[in-house]
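Secondary and tertiary structure notes
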Amino acid sequence: MHPHPSPPTPTIAALATPPGVGAVSLVRLSGPAALAVADLASGGRASGMALRSSQYCRILDAAGEVLDDGLMVVFRAPNSYTGEDCVEFSGHGGMLVTREVLARLLACGALPAGPGEFTQRAFLNGKLDLTQAEGVMDLIAAQTRLAMRAARSQLEGTLGRRTTAARDSILGTLAHLEAWIDFPDEDIQPDTGANLRGGVTSVIATIDALLATADQGRVLRDGARTVIFGPPNVGKSSLLNCLLGFERAIVSELPGTTRDTIEECISLHGIPLRLVDTAGLRHTADRLEAAGIQRTERQLETADLLLEVADASLPRPPAMALPVTAATHLLLLNKSDLGEHASWHGVAALRLSCAHDSGFAELSLAIRDALHFNEAEWGDHAIAINTRHQACLQTARHALLAALSLLENPSTDPELAAIDLRDALDALGEIAGRLDTEDLLGEIFSRFCIGK
Ligand SMILES: Nc1nc2c(ncn2[C@@H]2O[C@H](COP(=O)(O)OP(=O)(O)O)[C@@H](O)[C@H]2O)c(=O)[nH]1
Ligand SMILES: [Mg+2]
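Being a predicted model, the structure only gives us computed values, none of them experimental. (Residues numbered from 1 in each chain as written. Chains lettered and ligands numbered in written order. Predicted model: local features only at pLDDT ≥ 70, side-chain atom pairs only at ≥ 80, totals over all residues.)

**Brief notes about the overall build of the protein chain**
- Looking only at helices and strands, one finds 14 helices and 12 strands in the protein chain.
- Here the protein chain holds 452 residues, and the buried ones make up 39% of them.
- Here the analysis covers contacts within the protein chain between residues at least 6 apart in sequence; of these, 64% occur between residues at least 24 apart. (Helix = DSSP H or I, 4+ residues; strand = E, 2+ residues; numbered from the N terminus. Buried ≥ 20, exposed ≤ 12 C-beta atoms within 10 Å, placed from the backbone. Contact = placed C-beta atoms within 7 Å.)

**Focus: helix 1 (residues 34-42)**
- By the burial criterion, the buried members of helix 1 are Ala 34, Leu 35, Val 37, Ala 38, Ala 41 and Ser 42. Across the axial projection of helix 1, the buried residues extend over an arc of 160 degrees, all falling on one side.
- Residues of helix 1 that are buried in the fold lie against strand 2 (22-30), strand 3 (54-60), strand 4 (66-75), strand 5 (86-93) and helix 2 (95-107).
- Phi turns positive, to about 70 degrees, at Gly 43, one or two residues after helix 1. (Arc of directions from axis to C-beta.)

**Re the nonpolar core**
- The biggest cluster of nonpolar side chains holds 104 residues, and the ones touching the most others in it are Val 87, Leu 105 and Ala 424.
- Look past the residues within four positions of Val 87 in its chain and what remains in contact with it is Leu 29, Ala 34, Leu 35, Ala 38, Ala 46, Met 72 and Val 74. (Core = buried A, V, L, I, M, F, W, Y, C linked by C-beta atoms within 7 Å.)

**What about unusual backbone geometry?**
- Cis peptide bonds are those with omega within 30 degrees of zero, and the linkage from Ala 77 to Pro 78 qualifies with 0 degrees.
- Within the secondary structure layout, Pro 78 lies in the loop between strand 4 and strand 5.
- With phi around 55 degrees, Asp 357 is a residue other than glycine that occupies positive phi space.
- Note that Asp 357 resides in the loop between strand 12 (350-351) and helix 11 (360-370).
- According to the C-beta neighbour criterion, Asp 357 is exposed, with 9 such atoms within 10 Å.
- Residue His 372 is not a glycine yet carries a positive backbone phi of 65 degrees.

**Points about the sheet that holds strand 12**
- One open sheet accounts for six strands, arranged 8-9-7-10-11-12; its pairing is mixed. Here the strands that pair on one side only, and so sit at the sheet edges, are strand 8 (262-268) and strand 12.
- The pairing of strand 11 (residues 328-334) with strand 12 spans two bridges and is classified as parallel. Among the inter-strand pairings, Leu 332 is bridged to a residue of strand 12, identified as Leu 350. (Pairing = 2+ DSSP bridges.)

**A closer look at the environment of Leu 159**
- Note on placement: Leu 159 falls in helix 6 (residues 158-182).
- Taking the C-beta count within 10 Å as the criterion, Leu 159 has 29 such neighbours and is therefore assigned buried.
- For the pair Leu 159 and Leu 210, spaced 51 residues apart in sequence, the C-alpha separation works out to 8.7 Å.
- What Leu 159 contacts, discounting residues up to four positions off in sequence, is Thr 131, Gln 154, Ile 383, Ile 385 and His 389.

**Some points on the environment of Pro 112**
- As for its position among the elements, Pro 112 is in strand 6 (residues 111-112).
- For the pair Pro 112 and Leu 15, spaced 97 residues apart in the sequence, the C-alpha separation amounts to 9.3 Å.
- In contact with Pro 112, not counting residues within four places along its chain, are Ala 13, Ala 14 and Leu 106.

Structure (C-alpha coordinates):
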(Lines give C-alpha, C1' and ligand atoms only; values in the text may rest on other atoms or scores of the structure.)
(Ligands and ions follow the chains in the order given, each with its own letter.)
Protein backbone atom coordinates (compact mmCIF):
# COMPACT_ATOMS: atom_id res chain seq x y z
CA MET A 1 0.00 0.00 0.00
CA HIS A 2 1.20 3.44 -0.81
CA PRO A 3 1.06 6.05 1.89
CA HIS A 4 -1.16 8.98 1.01
CA PRO A 5 0.95 11.69 -0.57
CA SER A 6 0.90 14.73 1.67
CA PRO A 7 -1.08 17.60 0.13
CA PRO A 8 1.07 20.35 -1.39
CA THR A 9 1.78 23.21 0.97
CA PRO A 10 -0.56 26.08 0.10
CA THR A 11 0.85 29.47 -0.79
CA ILE A 12 -0.35 32.07 1.65
CA ALA A 13 -0.81 35.83 1.41
CA ALA A 14 -1.53 38.52 3.99
CA LEU A 15 -1.16 42.18 4.69
CA ALA A 16 1.92 42.48 6.95
CA THR A 17 1.42 46.12 7.90
CA PRO A 18 -1.52 47.18 10.10
CA PRO A 19 -4.73 47.82 8.20
CA GLY A 20 -5.39 51.52 7.87
CA VAL A 21 -4.15 54.53 5.97
CA GLY A 22 -0.38 55.01 5.72
CA ALA A 23 2.37 55.92 3.28
CA VAL A 24 3.18 52.32 2.43
CA SER A 25 1.63 48.92 2.99
CA LEU A 26 3.38 45.58 2.70
CA VAL A 27 1.69 42.49 1.34
CA ARG A 28 3.48 39.18 1.73
CA LEU A 29 3.31 35.92 -0.17
CA SER A 30 4.95 32.68 0.92
CA GLY A 31 4.84 29.13 -0.44
CA PRO A 32 5.82 27.04 -3.44
CA ALA A 33 3.59 29.06 -5.78
CA ALA A 34 4.58 32.49 -4.46
CA LEU A 35 6.38 33.49 -7.66
CA ALA A 36 3.68 32.07 -9.90
CA VAL A 37 0.99 34.00 -8.02
CA ALA A 38 3.05 37.19 -8.12
CA ASP A 39 3.68 36.69 -11.84
CA LEU A 40 -0.03 36.34 -12.53
CA ALA A 41 -0.81 39.48 -10.57
CA SER A 42 2.03 41.58 -11.97
CA GLY A 43 2.09 40.57 -15.62
CA GLY A 44 5.08 38.23 -15.31
CA ARG A 45 7.34 40.52 -13.30
CA ALA A 46 8.34 38.29 -10.40
CA SER A 47 10.02 35.26 -11.94
CA GLY A 48 12.49 37.30 -13.95
CA MET A 49 13.72 39.24 -10.94
CA ALA A 50 17.16 38.98 -9.37
CA LEU A 51 16.93 37.61 -5.84
CA ARG A 52 16.47 40.04 -2.96
CA SER A 53 16.55 43.01 -5.28
CA SER A 54 13.60 45.28 -5.38
CA GLN A 55 12.00 46.21 -8.62
CA TYR A 56 9.20 48.50 -9.65
CA CYS A 57 6.04 46.68 -10.69
CA ARG A 58 2.33 47.09 -11.18
CA ILE A 59 -0.39 44.87 -9.75
CA LEU A 60 -3.10 44.33 -12.33
CA ASP A 61 -6.63 43.05 -12.00
CA ALA A 62 -8.04 40.23 -14.15
CA ALA A 63 -8.91 42.70 -16.92
CA GLY A 64 -5.42 44.18 -16.94
CA GLU A 65 -6.37 47.40 -15.16
CA VAL A 66 -3.71 48.74 -12.78
CA LEU A 67 -4.74 48.33 -9.13
CA ASP A 68 -1.54 49.67 -7.60
CA ASP A 69 2.15 50.14 -8.30
CA GLY A 70 5.12 49.82 -5.99
CA LEU A 71 8.18 47.72 -5.22
CA MET A 72 8.46 43.95 -5.32
CA VAL A 73 11.13 41.87 -3.60
CA VAL A 74 11.66 38.18 -4.32
CA PHE A 75 13.26 35.66 -1.92
CA ARG A 76 13.94 32.08 -2.95
CA ALA A 77 13.71 29.07 -0.62
CA PRO A 78 15.42 28.43 1.71
CA ASN A 79 16.81 31.98 1.99
CA SER A 80 13.73 33.76 3.26
CA TYR A 81 11.98 34.43 6.57
CA THR A 82 9.71 31.39 6.17
CA GLY A 83 12.28 29.22 4.39
CA GLU A 84 9.92 29.08 1.37
CA ASP A 85 9.76 31.14 -1.82
CA CYS A 86 8.52 34.56 -0.73
CA VAL A 87 7.45 37.73 -2.48
CA GLU A 88 6.84 41.05 -0.78
CA PHE A 89 5.00 43.88 -2.43
CA SER A 90 5.15 47.41 -0.99
CA GLY A 91 2.37 49.53 -2.38
CA HIS A 92 0.30 52.55 -1.41
CA GLY A 93 -1.06 52.37 2.10
CA GLY A 94 -4.73 53.01 1.45
CA MET A 95 -7.48 50.88 2.94
CA LEU A 96 -9.15 50.01 -0.37
CA VAL A 97 -6.07 49.76 -2.55
CA THR A 98 -4.45 47.33 -0.10
CA ARG A 99 -7.56 45.21 0.13
CA GLU A 100 -7.82 45.08 -3.67
CA VAL A 101 -4.17 44.01 -4.06
CA LEU A 102 -4.59 41.27 -1.48
CA ALA A 103 -7.85 40.12 -3.11
CA ARG A 104 -6.05 39.93 -6.44
CA LEU A 105 -3.30 37.71 -4.96
CA LEU A 106 -5.96 35.44 -3.50
CA ALA A 107 -7.72 35.31 -6.88
CA CYS A 108 -4.37 34.30 -8.44
CA GLY A 109 -4.14 31.23 -6.22
CA ALA A 110 -2.94 32.27 -2.75
CA LEU A 111 -4.86 31.44 0.42
CA PRO A 112 -5.32 33.96 3.24
CA ALA A 113 -2.69 33.39 5.96
CA GLY A 114 -3.80 32.63 9.50
CA PRO A 115 -2.40 34.49 12.54
CA GLY A 116 1.33 33.82 12.88
CA GLU A 117 1.35 31.48 9.90
CA PHE A 118 4.48 32.99 8.32
CA THR A 119 6.40 32.55 11.57
CA GLN A 120 4.94 29.09 12.08
CA ARG A 121 6.29 28.11 8.66
CA ALA A 122 9.67 29.60 9.59
CA PHE A 123 9.63 27.36 12.68
CA LEU A 124 8.49 24.26 10.78
CA ASN A 125 11.20 24.85 8.18
CA GLY A 126 13.86 25.09 10.88
CA LYS A 127 14.57 28.83 10.41
CA LEU A 128 13.72 29.57 14.05
CA ASP A 129 13.27 27.48 17.16
CA LEU A 130 10.11 27.89 19.18
CA THR A 131 11.66 30.25 21.73
CA GLN A 132 12.79 32.50 18.87
CA ALA A 133 9.33 32.45 17.34
CA GLU A 134 7.93 33.49 20.74
CA GLY A 135 10.64 36.18 20.83
CA VAL A 136 9.23 37.61 17.59
CA MET A 137 5.85 37.93 19.26
CA ASP A 138 7.36 39.43 22.43
CA LEU A 139 9.28 41.99 20.39
CA ILE A 140 6.14 43.11 18.63
CA ALA A 141 4.28 43.35 21.95
CA ALA A 142 7.12 45.01 23.90
CA GLN A 143 6.10 48.29 25.54
CA THR A 144 9.39 49.25 27.16
CA ARG A 145 13.09 49.17 26.32
CA LEU A 146 13.78 46.41 28.83
CA ALA A 147 10.99 44.22 27.45
CA MET A 148 12.38 44.90 23.99
CA ARG A 149 15.88 43.88 25.04
CA ALA A 150 14.65 40.61 26.57
CA ALA A 151 12.60 39.84 23.46
CA ARG A 152 15.59 40.61 21.24
CA SER A 153 17.81 38.25 23.24
CA GLN A 154 15.21 35.48 22.97
CA LEU A 155 14.79 36.18 19.26
CA GLU A 156 18.54 35.77 18.86
CA GLY A 157 18.28 32.32 20.39
CA THR A 158 19.85 32.81 23.84
CA LEU A 159 17.22 30.80 25.69
CA GLY A 160 17.04 28.14 22.99
CA ARG A 161 20.81 27.63 23.12
CA ARG A 162 20.80 27.47 26.92
CA THR A 163 18.06 24.82 27.07
CA THR A 164 19.54 22.86 24.16
CA ALA A 165 22.89 22.73 25.98
CA ALA A 166 21.12 21.45 29.11
CA ARG A 167 19.35 18.83 27.01
CA ASP A 168 22.61 17.75 25.36
CA SER A 169 24.19 17.36 28.77
CA ILE A 170 21.34 15.10 29.95
CA LEU A 171 21.61 13.16 26.70
CA GLY A 172 25.28 12.51 27.54
CA THR A 173 24.39 11.38 31.05
CA LEU A 174 21.70 9.10 29.70
CA ALA A 175 24.12 7.53 27.19
CA HIS A 176 26.51 6.81 30.05
CA LEU A 177 23.79 5.33 32.18
CA GLU A 178 22.53 3.15 29.33
CA ALA A 179 26.03 1.84 28.68
CA TRP A 180 26.16 0.94 32.34
CA ILE A 181 22.80 -0.84 32.08
CA ASP A 182 23.76 -2.70 28.90
CA PHE A 183 27.18 -3.86 30.05
CA PRO A 184 26.82 -4.50 33.77
CA ASP A 185 29.80 -6.87 33.77
CA GLU A 186 32.21 -4.35 32.33
CA ASP A 187 34.51 -2.73 34.78
CA ILE A 188 32.75 0.36 35.94
CA GLN A 189 34.91 3.15 37.19
CA PRO A 190 34.14 3.64 40.87
CA ASP A 191 33.37 7.30 40.20
CA THR A 192 30.76 6.59 37.47
CA GLY A 193 27.84 7.13 39.81
CA ALA A 194 29.32 10.36 41.09
CA ASN A 195 29.92 11.59 37.53
CA LEU A 196 26.36 10.84 36.51
CA ARG A 197 25.02 12.64 39.56
CA GLY A 198 27.35 15.58 38.92
CA GLY A 199 26.01 15.96 35.38
CA VAL A 200 22.41 15.95 36.59
CA THR A 201 23.15 18.37 39.42
CA SER A 202 24.72 20.92 37.12
CA VAL A 203 21.72 20.83 34.78
CA ILE A 204 19.41 21.34 37.77
CA ALA A 205 21.46 24.44 38.62
CA THR A 206 21.03 25.77 35.06
CA ILE A 207 17.29 25.11 35.26
CA ASP A 208 17.04 26.87 38.63
CA ALA A 209 18.80 29.93 37.21
CA LEU A 210 16.34 30.05 34.30
CA LEU A 211 13.33 29.48 36.58
CA ALA A 212 14.48 32.42 38.69
CA THR A 213 13.76 34.73 35.72
CA ALA A 214 10.08 33.77 35.55
CA ASP A 215 8.90 36.73 37.64
CA GLN A 216 10.89 39.15 35.53
CA GLY A 217 9.50 37.53 32.41
CA ARG A 218 5.94 37.99 33.61
CA VAL A 219 6.62 41.61 34.56
CA LEU A 220 8.22 42.39 31.19
CA ARG A 221 5.37 40.80 29.27
CA ASP A 222 2.38 41.84 31.38
CA GLY A 223 3.69 44.75 33.47
CA ALA A 224 4.16 44.70 37.25
CA ARG A 225 0.84 45.26 39.02
CA THR A 226 1.79 48.03 41.39
CA VAL A 227 -0.97 48.81 43.86
CA ILE A 228 -0.94 52.14 45.71
CA PHE A 229 -2.88 51.88 48.96
CA GLY A 230 -3.19 53.47 52.39
CA PRO A 231 -5.61 55.54 54.46
CA PRO A 232 -7.65 58.29 52.81
CA ASN A 233 -6.06 61.66 52.08
CA VAL A 234 -2.41 60.63 52.42
CA GLY A 235 -1.61 61.43 48.79
CA LYS A 236 -2.15 58.14 46.92
CA SER A 237 -3.71 59.80 43.90
CA SER A 238 -1.06 62.51 44.03
CA LEU A 239 1.59 59.77 43.94
CA LEU A 240 -0.02 58.20 40.89
CA ASN A 241 -0.08 61.58 39.18
CA CYS A 242 3.55 62.28 40.07
CA LEU A 243 4.58 58.90 38.69
CA LEU A 244 2.57 59.43 35.56
CA GLY A 245 3.90 62.93 35.13
CA PHE A 246 0.48 64.33 34.46
CA GLU A 247 -2.82 64.71 36.24
CA ARG A 248 -4.95 61.68 35.70
CA ALA A 249 -6.63 60.83 38.99
CA ILE A 250 -8.96 63.19 40.82
CA VAL A 251 -7.02 64.76 43.67
CA SER A 252 -9.07 66.38 46.39
CA GLU A 253 -8.78 67.48 49.99
CA LEU A 254 -12.00 65.57 50.78
CA PRO A 255 -11.16 62.14 52.19
CA GLY A 256 -12.75 59.27 50.27
CA THR A 257 -12.67 60.92 46.81
CA THR A 258 -11.16 57.95 45.01
CA ARG A 259 -13.86 55.31 45.15
CA ASP A 260 -12.94 53.27 42.15
CA THR A 261 -9.55 51.90 41.21
CA ILE A 262 -7.66 53.68 38.46
CA GLU A 263 -5.06 51.89 36.39
CA GLU A 264 -2.31 53.50 34.28
CA CYS A 265 0.85 52.13 32.66
CA ILE A 266 4.30 53.66 32.86
CA SER A 267 7.83 52.60 32.02
CA LEU A 268 10.18 52.95 34.98
CA HIS A 269 13.85 52.23 34.19
CA GLY A 270 12.43 50.29 31.25
CA ILE A 271 10.23 48.15 33.53
CA PRO A 272 6.55 48.22 32.57
CA LEU A 273 4.45 49.10 35.64
CA ARG A 274 0.69 48.92 35.82
CA LEU A 275 -0.05 51.45 38.53
CA VAL A 276 -3.30 50.98 40.38
CA ASP A 277 -4.66 53.81 42.54
CA THR A 278 -7.15 52.58 45.10
CA ALA A 279 -9.81 53.84 47.45
CA GLY A 280 -8.43 54.75 50.88
CA LEU A 281 -8.68 51.94 53.41
CA ARG A 282 -10.83 52.88 56.39
CA HIS A 283 -14.06 51.88 58.04
CA THR A 284 -16.95 53.66 56.40
CA ALA A 285 -20.71 53.83 56.44
CA ASP A 286 -20.86 54.97 52.80
CA ARG A 287 -21.90 51.92 50.75
CA LEU A 288 -20.24 53.16 47.56
CA GLU A 289 -16.96 53.81 49.33
CA ALA A 290 -17.17 50.45 51.09
CA ALA A 291 -17.43 48.73 47.70
CA GLY A 292 -14.32 50.63 46.62
CA ILE A 293 -12.48 49.44 49.72
CA GLN A 294 -13.44 45.85 49.03
CA ARG A 295 -12.06 46.26 45.55
CA THR A 296 -8.83 47.59 47.04
CA GLU A 297 -8.47 44.46 49.11
CA ARG A 298 -8.85 42.32 46.01
CA GLN A 299 -6.21 44.45 44.23
CA LEU A 300 -3.79 43.85 47.09
CA GLU A 301 -4.13 40.11 46.73
CA THR A 302 -3.06 40.09 43.08
CA ALA A 303 -0.32 42.72 43.24
CA ASP A 304 3.34 42.26 42.30
CA LEU A 305 4.33 45.31 44.30
CA LEU A 306 2.57 47.13 47.12
CA LEU A 307 3.17 50.84 47.66
CA GLU A 308 1.73 51.73 51.04
CA VAL A 309 1.38 55.47 51.44
CA ALA A 310 1.20 57.23 54.82
CA ASP A 311 1.11 60.88 55.90
CA ALA A 312 4.46 61.74 57.49
CA SER A 313 3.00 64.71 59.34
CA LEU A 314 0.38 62.66 61.18
CA PRO A 315 0.84 60.14 64.01
CA ARG A 316 1.70 56.67 62.83
CA PRO A 317 -1.59 54.73 62.53
CA PRO A 318 -1.90 51.16 63.80
CA ALA A 319 -0.73 48.63 61.19
CA MET A 320 -3.45 47.48 58.80
CA ALA A 321 -4.36 43.84 58.40
CA LEU A 322 -3.28 43.02 54.85
CA PRO A 323 -4.13 39.98 52.75
CA VAL A 324 -1.25 37.53 52.49
CA THR A 325 0.72 38.09 49.28
CA ALA A 326 4.19 37.35 47.98
CA ALA A 327 4.44 40.92 46.70
CA THR A 328 7.19 43.21 47.96
CA HIS A 329 5.83 45.92 50.21
CA LEU A 330 7.32 49.42 50.26
CA LEU A 331 6.27 51.99 52.84
CA LEU A 332 6.21 55.57 51.54
CA LEU A 333 6.01 58.53 53.92
CA ASN A 334 4.43 61.27 51.86
CA LYS A 335 4.00 64.96 52.76
CA SER A 336 7.50 65.01 54.23
CA ASP A 337 7.50 68.73 53.34
CA LEU A 338 5.15 69.23 56.31
CA GLY A 339 7.72 67.77 58.71
CA GLU A 340 7.77 64.33 60.24
CA HIS A 341 5.69 63.36 63.24
CA ALA A 342 7.84 61.95 66.06
CA SER A 343 6.07 58.58 65.90
CA TRP A 344 7.72 57.93 62.48
CA HIS A 345 11.25 58.53 63.69
CA GLY A 346 13.48 55.53 62.96
CA VAL A 347 10.82 53.82 60.85
CA ALA A 348 12.29 52.29 57.68
CA ALA A 349 10.43 54.01 54.86
CA LEU A 350 11.01 56.12 51.79
CA ARG A 351 10.41 59.81 52.54
CA LEU A 352 8.86 61.77 49.74
CA SER A 353 6.73 64.75 48.91
CA CYS A 354 4.33 64.71 46.02
CA ALA A 355 3.75 68.42 46.48
CA HIS A 356 7.46 69.20 46.08
CA ASP A 357 8.24 66.37 43.68
CA SER A 358 11.00 65.10 45.95
CA GLY A 359 12.13 61.56 46.78
CA PHE A 360 11.17 60.13 43.39
CA ALA A 361 14.66 59.17 42.25
CA GLU A 362 15.04 57.03 45.41
CA LEU A 363 11.54 55.61 44.96
CA SER A 364 12.15 54.56 41.38
CA LEU A 365 15.39 52.78 42.37
CA ALA A 366 13.62 51.05 45.24
CA ILE A 367 10.91 49.85 42.85
CA ARG A 368 13.51 48.60 40.39
CA ASP A 369 15.25 46.64 43.17
CA ALA A 370 12.00 45.27 44.54
CA LEU A 371 11.17 43.82 41.13
CA HIS A 372 14.69 42.34 40.81
CA PHE A 373 15.82 44.43 37.87
CA ASN A 374 18.96 45.94 39.41
CA GLU A 375 22.32 45.33 37.73
CA ALA A 376 23.27 42.46 40.04
CA GLU A 377 20.09 40.47 39.42
CA TRP A 378 19.38 41.42 35.84
CA GLY A 379 22.57 42.84 34.34
CA ASP A 380 22.56 42.36 30.63
CA HIS A 381 21.86 38.66 30.37
CA ALA A 382 18.27 39.65 29.57
CA ILE A 383 16.76 36.17 29.71
CA ALA A 384 13.21 36.20 30.96
CA ILE A 385 11.23 33.00 30.55
CA ASN A 386 7.50 32.85 29.90
CA THR A 387 4.90 30.62 31.58
CA ARG A 388 5.25 27.90 28.93
CA HIS A 389 9.02 27.72 29.43
CA GLN A 390 8.45 27.75 33.19
CA ALA A 391 6.11 24.74 33.05
CA CYS A 392 8.57 22.75 30.89
CA LEU A 393 11.49 23.63 33.17
CA GLN A 394 9.55 22.62 36.27
CA THR A 395 8.69 19.26 34.71
CA ALA A 396 12.34 18.74 33.76
CA ARG A 397 13.52 19.75 37.23
CA HIS A 398 11.10 17.38 38.91
CA ALA A 399 12.25 14.47 36.71
CA LEU A 400 15.93 15.26 37.30
CA LEU A 401 15.47 15.38 41.07
CA ALA A 402 13.78 11.98 40.90
CA ALA A 403 16.64 10.60 38.78
CA LEU A 404 19.16 12.03 41.20
CA SER A 405 17.64 10.37 44.23
CA LEU A 406 17.51 7.03 42.36
CA LEU A 407 21.16 7.39 41.34
CA GLU A 408 22.10 8.04 44.94
CA ASN A 409 20.79 4.66 45.94
CA PRO A 410 23.08 1.97 44.44
CA SER A 411 20.54 -0.81 45.00
CA THR A 412 17.85 0.63 42.71
CA ASP A 413 17.55 -0.45 39.11
CA PRO A 414 19.37 2.16 36.99
CA GLU A 415 16.69 1.72 34.33
CA LEU A 416 14.32 3.67 36.59
CA ALA A 417 16.66 6.65 36.61
CA ALA A 418 16.93 6.37 32.81
CA ILE A 419 13.14 6.74 32.54
CA ASP A 420 13.27 9.97 34.55
CA LEU A 421 16.16 11.28 32.47
CA ARG A 422 14.17 10.66 29.29
CA ASP A 423 11.23 12.59 30.78
CA ALA A 424 13.58 15.47 31.51
CA LEU A 425 14.90 15.31 27.93
CA ASP A 426 11.40 15.57 26.53
CA ALA A 427 10.50 18.51 28.75
CA LEU A 428 13.70 20.39 27.91
CA GLY A 429 13.27 19.63 24.22
CA GLU A 430 9.75 21.00 24.26
CA ILE A 431 11.04 24.47 25.14
CA ALA A 432 12.80 24.93 21.81
CA GLY A 433 10.01 23.09 20.04
CA ARG A 434 11.02 19.44 19.78
CA LEU A 435 7.46 18.31 19.99
CA ASP A 436 4.88 16.80 17.77
CA THR A 437 1.74 18.11 19.34
CA GLU A 438 0.05 20.28 16.75
CA ASP A 439 -2.33 21.59 19.38
CA LEU A 440 0.45 23.32 21.23
CA LEU A 441 1.85 24.86 18.06
CA GLY A 442 -1.59 26.06 17.05
CA GLU A 443 -2.03 27.54 20.52
CA ILE A 444 1.24 29.45 20.35
CA PHE A 445 0.99 30.81 16.81
CA SER A 446 -2.66 31.78 17.05
CA ARG A 447 -1.58 34.56 19.40
CA PHE A 448 0.40 36.24 16.62
CA CYS A 449 -1.05 38.83 14.30
CA ILE A 450 -1.97 37.96 10.74
CA GLY A 451 0.89 38.67 8.34
CA LYS A 452 3.60 37.77 10.86
N1 LIG B 1 1.73 69.22 51.78
C2 LIG B 1 1.53 68.20 50.99
N3 LIG B 1 0.27 67.90 50.57
C4 LIG B 1 0.07 66.83 49.77
C5 LIG B 1 1.18 66.05 49.32
N6 LIG B 1 0.68 65.07 48.55
C7 LIG B 1 -0.67 65.23 48.48
N8 LIG B 1 -1.05 66.33 49.22
C9 LIG B 1 -2.41 66.83 49.43
O10 LIG B 1 -3.13 65.88 50.18
C11 LIG B 1 -4.50 65.86 49.79
C12 LIG B 1 -4.95 64.47 49.47
O13 LIG B 1 -4.28 64.00 48.30
P14 LIG B 1 -4.83 62.81 47.44
O15 LIG B 1 -3.75 62.49 46.47
O16 LIG B 1 -6.19 63.06 46.93
O17 LIG B 1 -4.90 61.69 48.56
P18 LIG B 1 -5.57 60.22 48.52
O19 LIG B 1 -6.88 60.30 49.17
O20 LIG B 1 -4.66 59.36 49.32
O21 LIG B 1 -5.65 59.80 47.09
C22 LIG B 1 -4.60 66.85 48.63
O23 LIG B 1 -5.06 68.09 49.11
C24 LIG B 1 -3.18 66.97 48.13
O25 LIG B 1 -2.92 68.21 47.50
C26 LIG B 1 2.48 66.41 49.78
O27 LIG B 1 3.50 65.78 49.45
N28 LIG B 1 2.59 67.46 50.58
MG1 LIG C 1 -7.26 59.23 45.97
